[in-house]
Amino acid sequence: MSGRGGGRRSEYRGDQPSRRGRDGRSGGRSGGRSGGNPPPSSSLTSTTPSPAIYEVGSSSSSATALSQDVGRITLHTPASSELQPVPRAPPASTQALPVQPPLPPPSSSKALGFPSRPGYGTKGSKCIVKANHFLVHVADSDLHHYDVAISPEVISKGVNRAIMRQLVSLYGVSHLGKCNPAYDGKKSLFTPGPLPFDSKDFAVKLVDKDDRTTSTRREREFKVTIKFASKADLYNLKQFLLGRQKDAPYETIQALDVVLRESPSVKYTIVGRSFFSPALGQRCEIGDGLECWRGYYQSLRPTQMGLSLNLDVSATSFYEPIPVVDFVKKYLNVRDHSRPLSDVDRVKIKKALRGLKVELTHTPGVKRNKITGITAVPTSQLTFVDERGTTVYVVRYFQERYKTRLQYTHWPSVQAGSDSKPRYYPMEVCKIIEGQRFSKKLNERQVTNILRETCKRPQDRERSIIQMVRQNNYSENEFAIEFGIQVKDALTSVEARVLPPPMLKYHETGQETRVQPRVGQWNMMRMKMVNGAQVRFWAFVNFSSQIPPDIAAQFCQELVGMCRSKGMDISQNPVLNIMRGRADQMERTLIDVSDQCTKKLSPMQGHLQLLIVILPDFSGTYGKIKRVCETELGIISQCCQPRQARKLSKQYMENVALKINVKAGGRNTVLNDAVQRSIPLVTDKPTIIFGADVTHPQSGEDSSASIAAVVASMDWPEVTKYRGLVCAQQHRQEIIEDLFQFVEDPKRGRVATGMIREQLIAFRRSTGHKPSRIIFYRDGVSEGQFSQVLLYEMDAIRKACASLEEGYLPPVTFVVVQKRHHTRLFPADHNNRNQTDRSGNILPGTVVDTKICHPTEYDFYLCSHAGIQGTSRPTHYHVLFDENRFNADNLQTLTNNLCYTYARCTRSVSVVPPAYYAHLAAFRARYYVEDDASDSGSSSVGGRNTRERGTHVRPLPQIHGNVKEVMFYC
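Here goes a summary of the coordinates provided. (Residues numbered from 1 in each chain as written. Predicted model: local features only at pLDDT ≥ 70, side-chain atom pairs only at ≥ 80, totals over all residues. Heavy atoms only, no water.)

What follows concerns the overall build of the protein chain. When its secondary structure is counted, the protein chain shows 22 helices and 42 strands. Counting the 970 residues in the protein chain, one finds 56% classified as buried. As displayed, the protein chain offers around 41100 Å² of accessible surface, 47% of which is attributable to carbon and sulfur atoms. (Helix = DSSP H or I, 4+ residues; strand = E, 2+ residues; numbered from the N terminus. Buried < 20%, exposed > 50% of the residue type's maximum accessible area, 1.4 Å probe, protein only. Areas by Shrake-Rupley, 256 points an atom, 1.4 Å probe, with all protein chains shown as cover.)

Laid out in C-alpha cells, this is it:
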C-alpha cells in the first residue's frame, strides 16, 4: 500500500518522550496498569496474559500463537520483556493477499464488563427536560419461562402467534389452568405462575388463510411442545436497577418486555419493535402505490430510575390496498393505459410485485394468492390447457366462465404458484391485501412525502406520544394486570445541563478572529479560514443544459472570489476556459479535461488539483463523477446543483467554499482551547481521535458487501483534519475486519497491515509525534453487539500499536455513538423561550447522564445541535472501554465541542464529527463500484483486497494518491 513504511523502528524513531507512560514513568505502561478498568474476573480475557497477543514476529510459531489468541484483549499491561522483537517489514505490496483466517465469535463476550460511571457531570447551566420514558412498576410476581417447540417448524412469527392463540383457545381451561400466557412468536412463553405441568405436547389445527378455495380450506396440523425452562429472578433485577449488581438480568427484562408487547402484537401489524395500524393515525399516500401508516415504537429498558418503557411515535411505508392495475399505473406513472408495457417496465413491475399477497375479486370462491412473477406475454396471448386437453385463451375463459370482460389484455398477467405448477391471473382481478410493508428503499419523493406527513414539532410529538400511551391503556391491559405490571402515563422529568458552546478561532487577518456560537450556529462573514488551502490549478465544467454560459461564468467567478475572500490561495483563472459538457458523455468529458490540463501544464508546474462541476439536470451522475475523479484522475471535485448555481446565492457559495478548502487540505476553524492547549486529556500530549462506522446494503440486498470506514485526526493538537480509509467486508458484518491483520506477500513474506496501523503511521508523519493517547468513536453498533465489537476491535488496536514498536501500547478510550435510538427530550416548558431553540426543541448542548441512563455503566445523551424541523434526536454515547480515565465533564465537553468543528457548515452537528466523517467516507466508497446505487460496496483503498468470509469481494478502485491524504469525502 502506498504510504506505508518499513519496519517498526523506522516509523517512530527519534520521537519525543516516546517511551513514557501516562503516569510519567519511563518504560511505557509496563509494570502494571496506571488507570482504567480494574481487572475483574469478567475482564476482556483471563488475568494470565499471553505474550502472543502482542507478538508480531514473522515466524510460523508466532503466527500459530497469534491465531490461537485472536479476538482476545488483555487488560494486563505486559512488561517490555514480554514483547517479541518486531522484524523490519518492507512496505506492503498492492498484491499482498490476506492470510489471517476469519475470526470466530469470542466465547468470553457475554462475560465482558464495561466501565462503571465515573460520576456525574456538573458543567453547564442546569435545567429540566422531559423524556419519552414511562416508569414501570413490577409486582413480586412468580414469573415462569417455558420453551416452545412447534413442529413442523414455522418461520413466520405471525403464524406462530396464530398457532399459540388457537392452543390457548382450545386448552386454556382444560390444560393451562386458565392461564393467559405471553408469547414472543418464537421459542419463549411466559406465565405469571406455574402451569400444571413441566412438559406437555399439544395438537393444534390451523386453517390456512392463504388457501385458494373457501369451500375446502386446508387445515394444517401442528405439534406444540411446551416445556418449563426457568423462573425469572425479579430479585436480581431489582438489585441491578439499584446499582448493587453489575450483570444485567436480560432474560428477566426480556420476559417483561414480551408481556407488554403481547396485547399490541394481537391488534396491530408488527415491524421490528414497532406496531402500526390505520387505527393509530390517518394514513396518507406517499407516491408510487405506497402509503404511510402511523404507529409507535416500544421497548422496556433498565435505567437509573428503574424499569422504563421507552415509547415513541413512528411511521413506515406499506403497499396501498388497491387493484394491481392501479398499482402499476402509479408505480410506473403510466398515463396512456392503452399502450403495452415495455420490457424495462415489465421487469420493474416483476420486482415490485414479487412476494406480494393479493386477493382475487372475480369470484367469491377464490381468495388469496402470493405473486411469484408476471407473464412474459400480454394477457391477450395467454393460454392454458383445460381438462379436455383443449387450448383456451384466458381472455375468453374469463368472459365465458365469470362474465368478466377484461380491459387490460395488452398488459401481462400475474403468476402465482411455482414455475412447475403456475397459476395465472389478470392484473385487474387481483387486489393487494392490506397491511403489507414495503421494505425496500424509498425514492427521494417518497421520503419527502413521508417526512412532510410525520415531521412533528416537539410539542406536537409529545402530545402524540402521550396519546399513544393512553390509547394502549397499559393500566387495563389484561396481560399487564395478570403479570402485575403498571406503567405510569406521564413523561419522565429529568435533570439536564446545557453545556456552553466553545470559542472558535479563525485567521488573524480577518475582521474578526474568534467567535462564540449562539444557539448552535454562527456567521463567518467577517472571518477568514484559519488555514486556507492553496489551489494553483483548477478547471470548471458545466453539465447542466439549464445553466447558460454567462450564468455559469458568473457563478464560477463569484465562487472563486468567495474562496479567495475567505482566505484560500486559489488562482483567479482556471487552467482551461469554462467547458460545457454533455451529460451522456460525462466520463469522457472528465478525462478530456484532465488530459488537456496535463498537456498545458509542465511537470514542473504540477497537475490539475480541483475540478468544479455543475451537475446535469437529472440525478444519477454524482457517483460517476466522484469515482472518475478520485480513483482514476487524482483530482478533488466539487459538485454543485444547477438550481443552486442559478441563484448565485452568497450563502450557498460560502458553504461550497468551506467544502473546497478542506478537500484541498485546508482547515476552516479550530477550537480556541485546542490552540491554547487547554483541552483535558487531548492537548497535554499527542492524541489521535478515530471515527469508525460500517454501513450496510439497503434492505432487500442479500449479497452486496458492507463497507467500513475509519477516519483519524492528523493535526494534533487542533484535532480538526481527518484522513479517511475504507474497506469492504462480509455482507452485514458489523465488526470491522481490516483494522489490523497480517498479509502474506509473495516476495516479502508476512507483513503487518490494516487501517489502524496505517492511520497511526500517517499521524506520525503529519504531526512529528506518535500518539500517546487514543480516543475511538465507534458509530453504528447496537447494544447486542457491544461485547463482540469491543473485543475484536480493541484487540486490533492493540496489535496495530504493538506492530509499530516494541512496548507501544497507548491508553485507549472506546466510545460507541448511537443515533438510531428512540429517546427524545422535550423542554419542560414549551412556552419558555429560554429553554428552547427557534424550532421549539431543547437547546444545543443539552446533556443528560441521570435517571434515564444506564443504572451503572458510563453513558450519556447529548443534543449538540439546534433543531431545524421536527423534534431533535439526541445522540447516545456509551463508553465501553476507558484507560484514559475521562471524568464525566471532560468527555461530555470534549464531545460537545468537537461537534462545532464539522467542516461543511457553520453549525454544530448532531453527531461527533469523527463518526460523521466515517459515515461520509463509507458512503462515498459505494459510489466507486455502483455509482449512484445506494448501500453497497466492495473493498478497501490502497489496493488492499479484503474478502467476504467464504466469498470473493470485488476490489474497489484504488483511491488516487493525490486525493487520499485530504478530506475528499466532505
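Turning to the pattern of salt bridges, a few remarks are in order. All chains considered together, the criterion is met by 45 salt bridges. With a closest N to O distance of 3.2 Å, Lys505 and Glu508 form a salt bridge. With relative accessibility at 11%, the residue Lys505 sits in the buried group. For Glu508, a relative accessible area of 46% corresponds to the partly exposed category. In this structure, Arg667 engages Glu718 in a salt bridge whose closest nitrogen and oxygen atoms are separated by 3.3 Å. Of the two residues, Arg667 is situated in the loop between helix 16 (650-663) and strand 31 (670-671) and Glu718 in the loop between strand 33 (706-713) and strand 34 (722-729); the sequence distance between them amounts to 51 residues. An identical accessibility class is assigned to Arg667 and Glu718; each is buried. Taken together, the shared-partner salt bridges in this structure form one network comprising Arg723, Glu758, Lys964 and Glu965. (Salt bridge = Lys/Arg side-chain N within 4 Å of Asp/Glu carboxyl O.)

Turning next to the sheet that holds strand 31. Pairing is antiparallel across the open sheet formed by three strands, whose spatial order is 24-23-31. Each edge of the open sheet is held by one strand with a lone partner, namely strand 24 (514-515) and strand 31. Bridge count for strand 23 (residues 504-505) against strand 24 is two bridges, and the pairing is antiparallel. Along strand 24, the bridge assignment pairs Lys505 with Arg514. (Pairing = 2+ DSSP bridges.)

Here the focus is the state of the cysteines. Summed over the entire model, instances satisfying the criterion amount to zero disulfides. The thiol of Cys899 is not disulfide-bonded; the next cysteine sulfur, from Cys863, is found 9.9 Å away. Owing to a relative accessible area of 0%, Cys899 belongs among the buried residues under this scheme. (Disulfide = S-S within 2.5 Å.)

In this section: empty space enclosed by the protein. Overall, the coordinates contain five cavities of 30 Å³ or more when judged by the stated rule. Looking at the second largest cavity, its volume works out to about 100 Å³. Lining the second largest cavity are 16 residues, and of these Asn668, Thr669, Thr901, Tyr902 and Ala903 lie nearest its centre. A breakdown of the residues in the lining of the second largest cavity according to their chemical character gives 10 nonpolar, five polar and one charged. (1 Å grid on protein atoms, 1.4 Å probe; cavity = no way out; pocket = protein on both sides within 12 Å on 5 of 7 lines; lining within 4 Å. Points joined across faces, edges and corners; volume = space filled by probe spheres on them. Nonpolar A, V, L, I, M, F, W, Y, C, P; charged D, E, K, R; others polar.)

On to the nonpolar core. Formed by 86 residues in total, the largest nonpolar core has its most connected members in Trp538, Phe555, Tyr777, Tyr877, Leu898, Tyr917 and Tyr969. For this core, the element with the most residues is helix 21 (residues 913-930), which contributes nine residues. Residues contacting Trp538, with those up to four places away along its chain left out, are Cys556, Val560, Ile570, Ser571, Gln572, Asn573, Pro574, Val575, Leu608, Leu610 and Ile612. Counting residues in hydrophobic clusters, the runner-up holds 43 residues, among them Met755, Met794, Cys801 and Val816. (Core = buried A, V, L, I, M, F, W, Y, C linked by side-chain atoms within 4.5 Å. Contact = heavy atoms within 4.5 Å.)

Turning our attention to unusual backbone geometry. Most peptide bonds are trans, and most residues other than glycine sit at a negative phi. Residue Ser151 is joined to Pro152 through a cis peptide bond whose omega torsion reads 0°. Look at the link from Trp716 to Pro717: it is a cis peptide, with omega at 10°. Relative to the elements of secondary structure, Pro717 occurs in the loop between strand 33 and strand 34. Its identity is not glycine, yet Asp288 carries a phi of approximately 60°, on the positive side. Note on placement: Asp288 falls in the loop between strand 11 (284-287) and strand 12 (290-303). Owing to a relative accessible area of 14%, Asp288 belongs among the buried residues under this scheme. Phi is positive for Lys851, which is not a glycine, with a value near 60°. Structurally, Lys851 can be placed in the loop between strand 40 (846-848) and strand 41 (859-863).

Examined against the element boundaries, Ser188 turns out to sit in strand 6 (residues 188-191). Dropping the residues within four chain positions of it, Ser188 is found in contact with His145, Tyr146, Val148, Ala182 and Tyr183.

Attention shifts here to the environment of Thr695. Take Thr695: it is sitting in strand 32 (residues 687-695). In sequence terms Thr695 and Phe923 are 228 residues apart; their C-alpha atoms lie 7.2 Å from each other. Not counting residues up to four positions away in its chain, the partners in contact with Thr695 are Ser706, Ile707, His919, Ala922 and Arg926. Polar contacts involving the side chain of Thr695 include one to the side chain of Arg926, which spans 2.5 Å. (Polar contact = N/O pair within 3.5 Å; in protein donor to acceptor, adjacent residues only side chain to side chain.)

As enumerated under the stated definition, the model contains 31 aromatic pairs in all. Each ring, one from Phe776 and one from Phe814, has its centre 5.0 Å from the other, and the planes form 20°; the classification is stacked. Note that Phe776 is positioned in strand 37 (residues 773-779) and Phe814 in strand 38 (residues 812-818), a separation of 38 residues in sequence. Both residues of the pair, Phe776 and Phe814, count as buried. Within the aromatic cluster, the residues linked to one another by ring pairs are Tyr722, Tyr902, Tyr916, Tyr917, Phe968 and Tyr969. (Phe/Tyr/Trp six-rings, centres within 6.5 Å; stacked < 30°, edge-to-face > 60°.)

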